[in-house]
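Residue-level structural notes
Below are the chains, spelled out letter by letter.
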Amino acid sequence: MSRQVFTAHTPDTAPAAARPTLEAVRKKLGYLPAAVGLMAESPQLVKGFLTANAVFEAGSLAPVEREVLVFTVATRNECHLCVAMHTPTLEGHGGTPELVEALRAGTELPDARLEALRRFTLAVLDHRGAVPDADLAAFLAAGWQPRHALDVVLGVGTYTISTFANRLTDAPLDPSLAAYAWQPAA
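Parameters at a glance
- Residues numbered from 1 in each chain as written.
- Predicted model: local features only at pLDDT ≥ 70, side-chain atom pairs only at ≥ 80, totals over all residues.
- Heavy atoms only, no water.
- Axes fitted to C-alpha atoms, helices over the stretch in contact; angles between N-to-C directions.
- Helix = DSSP H or I, 4+ residues; strand = E, 2+ residues; numbered from the N terminus.
- Parallel < 35°, antiparallel > 145°, perpendicular 65-115°, else oblique.
- Left-handed = near helix turned anticlockwise from the far one by under 90°.
- Contact = heavy atoms within 4.5 Å.
- Buried < 20%, exposed > 50% of the residue type's maximum accessible area, 1.4 Å probe, protein only.
- Arc of directions from axis to C-beta.
- Core = buried A, V, L, I, M, F, W, Y, C linked by side-chain atoms within 4.5 Å.
- Expected span 1.5 Å × (residues − 1).
- Salt bridge = Lys/Arg side-chain N within 4 Å of Asp/Glu carboxyl O.

**Thoughts on the packing of helix 4 (residues 63–76) against helix 9 (residues 146–169)**
One way to put it is that helix 4 packs onto helix 9 with a least axis distance of 9 Å and a crossing angle of 45°. Taken together, the axis directions place helix 4 and helix 9 in an arrangement best described as oblique. Judged by the sense of rotation from one axis to the other, the crossing of helix 4 with helix 9 is right-handed. Contact residues: helix 4 offers Leu69, Val70, Val73 and Ala74, while helix 9 offers Val152, Gly155, Val156, Tyr159, Thr160 and Thr163.

The following block contains the structure:
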């Protein structure tokens, strides 16, 4: 089936309830990402994702830590758009080229604490939250706290919304992100 059933809305074409949200995104970023315009077909989805994302960003994880989680969810869910969009974000937060490369490849991270976060995020995804005791113990032994574990659940939920919506709508890569294009390994 063609994904042409989804419309990449603008603030002028979106359902009325989504228009203020789209305008706020356009003001904040300087442009409206196609993925956000596609989500706007459901005003509740676009508002829900952006609200959850704002709450996630205000949580206990530092910016680089949040990006490790986002990359882990995005690569696991094979969201080419999220990986491309978050590559410059991670770089802007001081993510090293080695960290970026490992996250994009889904391989072990050069920093042990961040690797524990990546592995714990995968455990949350793999076990649908019922993380085995050994995986939780390894996460906590790496210096993380119980609050961090719960904020991982928040981040997984937030970016499951985004990755699933992007894949459902076949959201295109915005031209400004072409240099960060990503495809899952075969």
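**Quick notes on helix 1 (residues 19–29)**
Among all positions in helix 1, only Thr21, Leu22 and Val25 are buried. Along helix 1, the residues classed as buried sweep out an arc of 95° about the axis, all on the same side. Relative to its buried face, helix 1 has exposed residues pointing more than 90 degrees away, namely Pro20 and Lys27. Turning to helix 1, the residues buried within the fold contact helix 2 (34–39) and helix 3 (43–57).

**Remarks on the nonpolar core**
Membership of the largest hydrophobic core comes to 50 residues, with the highest contact counts inside it found for Leu99 and Val152. Of all elements in the fold, only helix 1, helix 2, helix 3, helix 4, helix 5 (80–92), helix 6 (97–105), helix 7 (112–126) and helix 9 reach the threshold of two or more residues within this core. Dropping the residues within four chain positions of it, Leu99 is found in contact with Val64, Val68, Leu90, Leu109, Pro110 and Leu114.

**What about helix 4?**
With 14 residues, helix 4 extends 20 Å from end C-alpha to end C-alpha; this agrees with the ideal 20 Å at 1.5 Å per step. Across the 14 residues of helix 4, 12 count as buried, placing the element largely inside the fold. Backbone geometry just after helix 4 places Glu78 at a positive phi near 55°.

**Some thoughts on the pattern of salt bridges**
Overall, the coordinates contain 6 salt bridges when judged by the stated rule. With a shortest N-O distance of 2.8 Å, Glu115 and Arg118 are connected by a salt bridge. Of this pair, Glu115 and Arg118 both sit in helix 7, separated by 3 residues, roughly a single helical turn. With respect to burial, Glu115 and Arg118 carry one shared label: buried. In this structure, the salt-bridge partner of Arg119 is Glu115, at a minimum N-O distance of 2.8 Å. Of this pair, Arg119 and Glu115 both sit in helix 7, 4 residues apart, which is roughly one turn of the helix. Accessibility expressed as a relative area gives 5% for Glu115, which makes it buried.

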